[in-house]
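Secondary and tertiary structure notes
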Amino acid sequence: MVVGYGILSPIAGWSLVGVPMDARTALTFAIVASTITGTFFAAQACQSDEARRRGYRTFVVTHGPRATLAVSRVAFAIAFGLATI
């Protein structure tokens, strides 16, 4: 999920228009990937009962909603911190 939406999608789009790989592009990749990671974990946090019922072994099932939201908060903090550089 993070690799697809957070890394490969921007690479595909930017390669079509010829965006050069420089420090700004790398920073943008890091911000987008961290934001997608935060969103992915935040969305997973409310699905613990359903995932457990289906027998999935997702992060929220193995670690619980509190840990899942903590990972989400850290990912968002990294993204916002990088965006203010």
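Cut-off values and rules
- Residues numbered from 1 in each chain as written.
- Predicted model: local features only at pLDDT ≥ 70, side-chain atom pairs only at ≥ 80, totals over all residues.
- Heavy atoms only, no water.
- Helix = DSSP H or I, 4+ residues; strand = E, 2+ residues; numbered from the N terminus.
- Expected span 1.5 Å × (residues − 1).
- Buried < 20%, exposed > 50% of the residue type's maximum accessible area, 1.4 Å probe, protein only.
- Patch = residues over 30% accessible without salt bridge, like charges linked within 9 Å, V, L, I, M, F, W, Y side chains within 5 Å.
- Areas by Shrake-Rupley, 256 points an atom, 1.4 Å probe, with all protein chains shown as cover.
- Salt bridge = Lys/Arg side-chain N within 4 Å of Asp/Glu carboxyl O.
- Axes fitted to C-alpha atoms, helices over the stretch in contact; angles between N-to-C directions.
- Parallel < 35°, antiparallel > 145°, perpendicular 65-115°, else oblique.
- Left-handed = near helix turned anticlockwise from the far one by under 90°.
- Contact = heavy atoms within 4.5 Å.
- Nonpolar A, V, L, I, M, F, W, Y, C, P; charged D, E, K, R; others polar.
- Phe/Tyr/Trp six-rings, centres within 6.5 Å; stacked < 30°, edge-to-face > 60°.

This part covers helix α2 (residues 23-45). Helix length check: α2 (23 residues) gives 33 Å between terminal C-alpha atoms against 33 Å at 1.5 Å per residue, within 8%. Of the positions making up α2, those classed as buried are Thr-25, Phe-29, Ala-33, Ser-34, Thr-37, Gly-38, Phe-41, Gln-44 and Ala-45.

On to a nonpolar patch on the surface. On the surface, Val-3, Leu-8 and Ile-11 cluster together to form a nonpolar patch covering roughly 270 Å² of accessible area. Relative to the assigned elements, Ile-11 resides in helix α1 (residues 2-17).

At their nearest, the axes of α2 and helix α5 (residues 65-83) sit 8 Å apart, and the two run at 160 degrees to each other. It follows that α2 is roughly antiparallel to α5 by the angle criterion. When the axes of α2 and α5 are compared, the crossing they make is left-handed. Along its contact with α2, which presents Leu-27, Ala-30, Ile-31, Ser-34, Thr-35, Thr-37, Gly-38, Thr-39, Phe-41, Ala-42, Gln-44 and Ala-45, the element α5 presents Pro-65, Thr-68, Leu-69, Val-71, Ser-72, Ala-75, Phe-76, Ile-78, Ala-79, Leu-82 and Ala-83. Within the contact of α2 with α5, the residues separate by chemical class into 15 nonpolar, eight polar and no charged.

With respect to the secondary-structure elements, Leu-69 resides in helix α5. For Leu-69, a relative accessible area of 32% corresponds to the partly exposed category. In sequence terms Leu-69 and Ala-43 are 26 residues apart; their C-alpha atoms lie 9.1 Å from each other. Ignoring sequence-local partners within four residues, the contact set of Leu-69 consists of Ala-42 and Ala-45.

What follows concerns the packing of aromatic side chains. Under the criterion given, the structure shown has four aromatic pairs. Centroid distance Trp-14 to Phe-29: 5.0 Å. Interplanar angle 45 degrees. Geometry classified as tilted. With a gap of 15 residues between them, Trp-14 in helix α1 and Phe-29 in helix α2 connect regions that are remote in the sequence. With 6.1 Å between their ring centres and 15 degrees between their planes, Phe-76 and Phe-80 make a pair best called stacked. Here the residue Phe-76 and the residue Phe-80 both occupy positions in helix α5, the gap between them amounting to four residues, near one helical turn.

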